[in-house]
Each structure stands twice: as structure tokens, then as C-alpha cells.
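Structural overview for review
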Amino acid sequence: MKVLIIGAHGKIGRILTTKMGTSTNFEPVVFIRNEKQEEFFDELQVPTVVASLEDTVEALSKVLKGYDAVVFTAGSGGKTGDDKTLAIDLDGAVKAMIAADKVGIKRFV
């Protein structure tokens, strides 16, 4: 199963990616917000996609196309303000769900 892990650079995302990366049942790909985060996943030999949850639903749909499932582990982090929390934790999650639905992804965690 090809799974896109959104927010994979965070604590939960890293744990999940490491476990999925060693499984024969999953083909994880990680969605990260900047190229500086790729090193950890290169060491695991897990492919990365650099994109932003602040993009449009249409842009996110292009990123999500071709996956069997999406796991959303993203969060704005404890050092951001309310505006970023709403943009990522709420709006980003909703846009990702809408995009997943648009491209026919039936599994969204």
C-alpha cells in the first residue's frame, strides 16, 4: 500500500515512517515542508515530497494523486502563533482531506 505521510518530520511522523519503511506491507512517501528535512528520510531510503499545507486544494490534489492512503501527522508546532496553528492544524488538515477525496483516496488517518 502506497501511503503519503503528511508532517513526517515531527515526532509521530518519524516513528511512523521508520516503522512503515521496514514493513513489506507499506510503501511510505513523506510530505515535508522544506528540503532541509530530507536528510533523515534519505537515511531511511524513504522518498520525499516537498509541499505546503498552505497551498490550494488543487495544488494538494496534484501531490496526493496516486496514493492508497494518507496519514496526517502535521502540526504547526508549539512555537508558532494562533494564525499558523489555524493555517496548518485546521485549514491544512481540511484541505488535505478535500484533496484526498478529490483524487479518490478512501483511507485518511
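Right above here is the structure, for reference.
Residues numbered from 1 in each chain as written. Predicted model: local features only at pLDDT ≥ 70, side-chain atom pairs only at ≥ 80, totals over all residues. Heavy atoms only, no water.

Side note on the overall build of the chain
Along the chain, the regular secondary structure elements total four helices and five strands. Ordering the α and β elements of the chain from the N terminus gives β-α-β-α-β-α-β-α-β. For the chain, the C-alpha radius of gyration of 13 Å lies close to 13 Å, the compact-globule estimate for 109 residues. Taking the principal axes of the C-alpha coordinates as reference, the chain spans close to 40 × 30 × 20 Å. Across the 109 residues in the chain, those meeting the buried criterion constitute 36%. A fraction of 60% describes how many contacts in the chain between residues 6 or more apart in sequence connect residues 24 or more apart. Treating the 14 positive side-chain charges of the chain as one cloud and the 15 negative ones as another, the clouds have centres 3 Å apart. (Helix = DSSP H or I, 4+ residues; strand = E, 2+ residues; numbered from the N terminus. Rg over C-alpha atoms; globule rule 2.2 N^0.38 Å. Buried < 20%, exposed > 50% of the residue type's maximum accessible area, 1.4 Å probe, protein only. Contact = heavy atoms within 4.5 Å. Lys, Arg positive; Asp, Glu negative; His and termini not counted. Charge placed at Lys NZ, Arg CZ, Asp CG, Glu CD.)

As for the pairing of strand β4 (residues 69–72)
In β4, alternate side chains face the same way, and those of Ala-69 and Val-71 on one face and Val-70 and Phe-72 on the other are all buried. In this structure, strand β1 (residues 2–6) lies alongside β4, joined through four bridges in parallel fashion. Each residue of the ladder has a partner; that of Val-3, found in β4, is Ala-69. Note: β4 against strand β5 (residues 107–108), two bridges, orientation parallel. (Pairing = 2+ DSSP bridges.)

A word on the environment of Phe-41
Of note, Phe-41 is situated in helix α2 (residues 38–44). Phe-41 sits in the buried class, given a relative accessible area of 0%. Excluding its chain neighbours within four sequence positions, the residues that come into contact with Phe-41 are Ala-8, His-9, Thr-17, Val-30, Ile-32, Val-46 and Thr-48.

Brief notes about the packing of aromatic side chains
Enumeration according to the criterion identifies two aromatic pairs in this entry. On the numbers, 5.0 Å between centres and 90 degrees between planes, the contact of Phe-40 with Phe-41 is edge-to-face. Sitting over the ring of Tyr-67, Lys-2 keeps its end group 5.0 Å from the ring centre. (Phe/Tyr/Trp six-rings, centres within 6.5 Å; stacked < 30°, edge-to-face > 60°. Lys NZ or Arg CZ within 6 Å of the ring centre and 35° of its normal.)

Here we look at the pairing of strand β2 (residues 27–32)
For β2, a buried count of five out of six residues is recorded, marking the element as mostly surrounded by other parts of the structure. As judged from the five bridges shared by β1 and β2, these two strands associate in the parallel manner. Note on β2: the bridge partner recorded for Val-3 is Pro-28. For the crossover that starts at β1, traverses helix α1 (residues 11–21) and ends in the parallel β2, the hand is right-handed. Across three bridges, the pairing between β2 and strand β3 (residues 48–50) is parallel. Residue Phe-31 lies in a different strand from β3, and its bridge partner there is Val-49. Handedness of the crossover joining β2 and β3 through α2: right-handed. (Right-handed = clockwise from strand over helix to strand, strands pointing away.)

Observations regarding the sheet that holds β5
Taken together, five strands build an open sheet; the order of strands is β3-β2-β1-β4-β5 and the sheet is parallel. Every interior strand has two partners, whereas the edge strands, β3 and β5, have only one. Strands in contact with α1 are β1, β2 and β4; relative to β1, the strand with the most contacts, it is inclined by about 165 degrees. (Axes fitted to C-alpha atoms, helices over the stretch in contact; angles between N-to-C directions.)

Some points on α1
Residues Gly-13, Thr-17 and Met-20 constitute the buried set of α1. Across the axial projection of α1, the buried residues extend over an arc of 70 degrees, all falling on one side. Projecting away from the buried face of α1 at angles above 90 degrees are the exposed residues Lys-11, Ile-12 and Lys-19. (Arc of directions from axis to C-beta.)

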